[in-house]
Amino acid sequence: MPDCLRLKKSNCKNCYKCIRHCPVKAIKFSGSQAHILADECILCGQCFVVCPQNAKEIVDETEKVKVLMQAGGPVIASLAPSFVANYPGVGIGAMRKALKQLGFFDVEETAIGATMVKTEYERMLKEDGRDVIISSCCHSVNLLIQKHFPAALEFLADVDSPMLAHCKDIKQRVPGAKTVFIGPCVAKKDEAARYEGIVDSVLTFEELSGWLESAGVKPEAQMDADECSRARFFPTTGGILKTMEQDAPGYAYLALDGAENCIAALRDILDGRLHKCFVEMSICAGSCVGGPVMEHRSLVRDYMAVSNFAGPRDFEVKQPEPRAMRKAMPYLEMQNQQPTEAEINAVLRQMGKFKPSQELNCGSCGYDTCREKAAAVCQGKAEISMCLPFLKDKAEGFSDAIVNNTPNGLLVLNEDLEVQQINAAARKIMNIRAASDVLGEPVVRVLDPTVFLNVLNTKREVRDQRTYLAEYKCYVEQTVVYDRDLRLLICIMRDITDEQLERERKEDISRQTVEVADKVVEKQMRIVQDIASLLGETAAETKIALTKLKESITDE
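Only a predicted model underlies this, so the values are computations on that prediction, with no experimental measurement involved.

## Examining the overall build of the protein chain
- Along the protein chain, the regular secondary structure elements total 19 helices and 16 strands.
- Taken over the C-alpha trace, the protein chain has a radius of gyration of 44 Å; the compact-globule value for 556 residues is 24 Å, which it surpasses by more than 25%.
- The C-alpha extent of the protein chain, read off along each of the three principal axes, is 180 × 55 × 40 Å.
- For the protein chain, the proportion of its 556 residues judged to be buried stands at 47%.
- In the protein chain, of all internal contacts separated by at least 6 residues, the share reaching a separation of at least 24 is 69%.
- For the protein chain, the accessible surface area stands at approximately 28,400 Å², while carbon and sulfur atoms represent 52% of it.

As structure tokens, then:
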């Protein structure tokens, strides 16, 4: 398969939306990036349509067409009949005029080829004696059968698509012509590459619109009418049947659109529940007017645009010989093999799914069932971490292990000051038997709400505030913060009762030591004073005696 769809890796954000919408799960996730599996992809373009990050892009062939024009030969556009829905109010004449300004030699309607195809279908129903015939106009349906339902290949009409039939016709009529198909489908790029030499390039409506805009060409709002244009109905659901006579004896005719309906019908056909019928299949809901590269999406309005543009009779064409319209559609083998039940069950156990009741089948990973996701893991297409419930349980288990084993108390309140979470350490501090006793209850039942009200009103956190919880006879060091995103109050409490009591004991010892020291100093001071007093009296008496002795000696 050519590289028609590419991934812009920098844009992929792991939302798994592309897997969820891929009808064949042809997307691999590895290294947090989506990868399109070419051998499984049916190019329905749904991943391109639904990607919210625009991480998928279609390969642009505008420059390739310009190179064809520079070569000098006639380049003729085969314009898909859905153009009238994509360019409202613009008929084939106005489109021909606009595209000739871009350098195209001529512009014809692919519906001409559709007329040839529907005529061949009618012949097959009447002459070939087949049981069930599936239309082969939609290349994505062809790829679906070739890759995923090869047993149904015998029922697939081996007939050219309208694009191939028309481009073959152009090259027969215009020697040396190069053909360019323009339409709403990415799968046509692959079809053109698989059947070389018929369609030289494929442009989507987006590519054409971009080219017209850059060249300053605007198609005129001018409609035209052609009575012989019934095949213009082809791009609508049931459009092929509308162009057919539906008169083959014993055959029923039904039209299906959407990948799920097509897959269900293929299973019914293979199970033998459908016989003698012609089945028109389109992978896109609404058929081609619901294609992935339609710039304007409104199925009802688009259907009416096509219906009003189509005429009541067929285009006048020269019908090719049946063998000239044959198209080989072999089985396209895929690399991935279906894993065994043992392998699937082993992965399920790794995802925490030990019994069927644990298989939620929520679809968050993009797969419809847990078993389908497990099979994809075995095939290397998915990762176990893509399971949201698994990640949630793992994250909650990890956080719960931290919360419930931390020595600090944790209390979480909502803005109404109601308890949302409380861990074992907090329950121990507040003598609460079980979390269920307080969950959902006002915090005032267990704690003074003043600090929480202050933080809630001021949005200013409180850190390492020492508080005595009198009712619990304990001291705590608490931090209260407000989470603006979650709109929650978070309180972390550290029990410092032993630490506080030890501090008080040390303070008491220190106080007692100071008191003893003061008493010792005071006593020492009294002793000093007594000694000083005694020494003072003795000195005075000595002075008096010596004075009298002195005086007595002097008199003599």
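Still more to cover.
## A closer look at the nonpolar core
- By size, the foremost hydrophobic cluster in this structure holds 106 residues, and its most contacted members are Phe104 and Ile182.
- The residues touching phenylalanine 104, leaving out its near neighbours within four places in the chain, are Val65, Met69, Val75, Ile76, Ala77, Leu99, Val180, Ile182 and Trp211.

## Examining the packing of helix H5 (residues 92–102) against helix H10 (residues 205–215)
- At their nearest, the axes of H5 and H10 sit 10 Å apart, and the two run at 65 degrees to each other. By the angle class used here, H5 and H10 are roughly perpendicular. In the crossing of H5 with H10, the sense of the turn from one axis to the other is left-handed. On H10, the residues that touch Met95, Ala98, Leu99 and Leu102 of H5 are Leu208, Trp211, Leu212 and Ala215.

## Focus on the packing of aromatic side chains
- One pass over the structure, following the stated rule, counts seven aromatic pairs.
- An angle of 85 degrees between the planes, with centres 5.8 Å apart, marks the rings of tyrosine 87 and phenylalanine 205 as edge-to-face. One end of the pair, tyrosine 87, is in the loop between helix H4 (83–86) and H5; the other, phenylalanine 205, is in helix H10, and 118 residues separate them in sequence. We note that tyrosine 87, like phenylalanine 205, is buried.

## A closer look at the pattern of salt bridges
- All chains considered together, the criterion is met by 43 salt bridges.
- Note that aspartate 160 is salt-bridged to lysine 168, the shortest N-O span being 2.6 Å.
- Relative accessible area serves as the criterion here: at 2%, aspartate 160 is assigned to the buried category.
- Owing to a relative accessible area of 24%, lysine 168 belongs among the partly exposed residues under this scheme.
- Aspartate 190 is the salt-bridge partner of arginine 194, the closest N and O atoms lying 2.7 Å from each other. Placement of the pair is arginine 194 and aspartate 190 together in helix H9 (residues 187–194), with a separation of four residues, close to one helical turn.

## Details of the side chain of threonine 204
- With respect to the element layout, threonine 204 can be found in strand E9 (residues 201–204).
- By relative accessible area, which is 1% here, threonine 204 ends up buried.
- A distance of 3.1 Å separates a polar atom in the side chain of threonine 204 from a polar atom in the side chain of glutamate 207.
- Here threonine 204 is in contact with Ile58, Ile182, Gly183, Cys185, Lys189 and Val293, once residues within four sequence places are set aside.

## Concerning unusual backbone geometry
- Phi is positive for asparagine 361, which is not a glycine, with a value near 55 degrees.
- You can see asparagine 361 is positioned in the loop between helix H14 (341–350) and helix H15 (370–378).
- Using a relative accessible area of 37% as the deciding quantity, one classes asparagine 361 as partly exposed.
- Non-glycine residue aspartate 464 carries a positive phi angle of around 50 degrees.
- With respect to the helices and strands, the residue aspartate 464 is situated in strand E14 (residues 462–469).

## Examining the pairing of E14
- As judged from the six bridges shared by E14 and strand E15 (residues 474–483), these two strands associate in the antiparallel manner. Across the sheet, residue glutamine 465 finds its bridge partner in E15, namely glutamine 478.
- Joining the antiparallel neighbours E14 and E15 is a turn of four residues, in which lysine 473 adopts a positive phi near 50 degrees.

Rules of the game
- Residues numbered from 1 in each chain as written.
- Predicted model: local features only at pLDDT ≥ 70, side-chain atom pairs only at ≥ 80, totals over all residues.
- Heavy atoms only, no water.
- Helix = DSSP H or I, 4+ residues; strand = E, 2+ residues; numbered from the N terminus.
- Rg over C-alpha atoms; globule rule 2.2 N^0.38 Å.
- Buried < 20%, exposed > 50% of the residue type's maximum accessible area, 1.4 Å probe, protein only.
- Contact = heavy atoms within 4.5 Å.
- Areas by Shrake-Rupley, 256 points an atom, 1.4 Å probe, with all protein chains shown as cover.
- Core = buried A, V, L, I, M, F, W, Y, C linked by side-chain atoms within 4.5 Å.
- Axes fitted to C-alpha atoms, helices over the stretch in contact; angles between N-to-C directions.
- Parallel < 35°, antiparallel > 145°, perpendicular 65-115°, else oblique.
- Left-handed = near helix turned anticlockwise from the far one by under 90°.
- Phe/Tyr/Trp six-rings, centres within 6.5 Å; stacked < 30°, edge-to-face > 60°.
- Salt bridge = Lys/Arg side-chain N within 4 Å of Asp/Glu carboxyl O.
- Polar contact = N/O pair within 3.5 Å; in protein donor to acceptor, adjacent residues only side chain to side chain.
- Pairing = 2+ DSSP bridges.

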